[in-house]
Amino acid sequence: MSGIAIGLHGGCGTLSLNLQTEAEWAESRAHMASALRAGWRILRAGGSALDAVQAAVVVMEDSPHFNAGYGAALTEKSTHELDASIMDGASLAAGAVCTVRRVRNPVLAARAVLDSGRAVLLAGEAADDFAASQGLAMVAPNYFTTQRRVDALKLLQQRAATGAFVPASEAEKHGTVGAVARDQQGHLAAATSTGGFNNKPSGRVGDSPLIGAGTYAQDGVCAVSCTGQGEIFIRRVAAYDLAARIRYGGQPLEAAATSLVFETLSSHFIGAGLIALGASGNPVAPFNTLGMYRGWITTDGELTVATHQELHHLGAA
Ligand code: ASP
């Protein structure tokens, strides 16, 4: 299969197992498997890693199980402000959008920015207008809202109003989706999409749309998409830091990713995780929380998905 591979994450803010039914967990695993297969089909047909990560992220954005697109987190004003980015490891071309409210699939808007070559990051209303001008599907902002996010926001705001000091769980706070891929030409790509976190300040931009913070891809080095409290990923330039550890520090991918998550990012006492592929398509998915939605199809075509420690091996993709 010429070394093709794909990996994804659905955020490191996974609920504890007993807070959802087995049917809900099974559905989230099924949606991850569909997302991986969508990317895999493109790679197998000789398509680009860039197209593959885009296709995988679109499926994740359309699923209510993940905090991106449909089912995204709400701001403190009960609105949605979505961030996304995509990067081509072959040319280092990149595109991103932040605080968009109307484009149905923010990753497609990020891709359109990349393809335009006129900017790397477009923000807010202008980014939505640009997406509409490119013929992308647009929706009313409440399309993204699910009851689960409304309830989570209410709970967080009630607690804040009563002054009750109950630290929010990672699941209440976070989530994001991202994908990484390697194509038949050996090119790498990465994409990330998120609603940020519940009750976030309006106008807040996280790491996901920032190239080098939440997303990075460079052929011969790695492709990576991050999840966790974005402010720290921005300050640590986390995604690029992973590439730098490999490129300049000569560290193997696994050692570099493990030390980034469990030492560097964990030293800030935040939930953190990532999905990355090395130059030859080997996946790593470290996380320091209870669970992280994640999955991959390795170069031998075997599909695996997981939400907590247990891995579900689904056989040939
Ligand atoms: N990194 C995302 C952000 O800060 C959220 C997450 O992945 O949990 O916007």
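Reading the values: rules and limits
Residues numbered from 1 in each chain as written. Predicted model: local features only at pLDDT ≥ 70, side-chain atom pairs only at ≥ 80, totals over all residues. Heavy atoms only, no water. Helix = DSSP H or I, 4+ residues; strand = E, 2+ residues; numbered from the N terminus. Rg over C-alpha atoms; globule rule 2.2 N^0.38 Å. Buried < 20%, exposed > 50% of the residue type's maximum accessible area, 1.4 Å probe, protein only. Contact = heavy atoms within 4.5 Å. Areas by Shrake-Rupley, 256 points an atom, 1.4 Å probe, with all protein chains shown as cover. Pairing = 2+ DSSP bridges. Axes fitted to C-alpha atoms, helices over the stretch in contact; angles between N-to-C directions. Salt bridge = Lys/Arg side-chain N within 4 Å of Asp/Glu carboxyl O. Phe/Tyr/Trp six-rings, centres within 6.5 Å; stacked < 30°, edge-to-face > 60°.

Draft legend 1. Focus on the overall build of the protein chain. Looking only at helices and strands, the protein chain features 9 helices and 13 strands. Relative to a compact globule of 317 residues, whose C-alpha radius of gyration would be 20 Å, the protein chain shows 18 Å and is just as compact. By principal-axis analysis of the C-alpha atoms, the protein chain measures approximately 55 × 45 × 40 Å. When the 317 residues of the protein chain are sorted by exposure, 57% land in the buried category. Contacts spanning at least 24 positions in sequence make up 67% of the contacts within the protein chain whose residues lie at least 6 apart. Split by element, the accessible area of the protein chain, about 11,900 Å² in all, is 54% carbon and sulfur.

Draft legend 2. Expanded view of the sheet that holds strand β9 (residues 272-278). Pairing in this open sheet of 4 strands is antiparallel, and the strands run β7-β8-β9-β10 from one edge to the other. Two strands bound the open sheet, and with one partner strand each, they are β7 (215-218) and β10 (283-284). Looking at chain direction, strand β8 (residues 222-228) and β9 are connected through 7 bridges and run antiparallel. Bridging across to β9, C226 finds its partner in L274. Along the sheet, helix α8 (residues 238-247) makes contact with β7, β8 and β9, crossing β8 at roughly 140 degrees.

Draft legend 3. Main features of the pattern of salt bridges. Applying the stated criterion across every chain yields a total of 8 salt bridges. R29 is the partner of E22 in a salt bridge, and the nearest nitrogen-oxygen pair spans 2.9 Å. Owing to a relative accessible area of 13%, R29 belongs among the buried residues under this scheme. The partner of D129 in a salt bridge is R102, with the nearest N and O atoms 2.9 Å apart.

Draft legend 4. Summary view of the packing of aromatic side chains. Within the structure shown, the criterion is met by 5 aromatic pairs. Relative to Y293, the ring of W25 lies with its centre 6.1 Å away and its plane at 35 degrees, an arrangement referred to as tilted. On the criterion of sequence distance, the pair formed by W25 in helix α1 (residues 22-44) and Y293 in the loop between β10 and β11 (294-297) is long-range, its members being 268 residues apart. Judged by its relative accessible area of 2%, W25 is buried. What makes Y293 buried here is its relative accessible area of 3%. Pairing Y143 with F144 gives two aromatic rings, centres 5.1 Å apart and planes at 70 degrees, and the pair type is edge-to-face.

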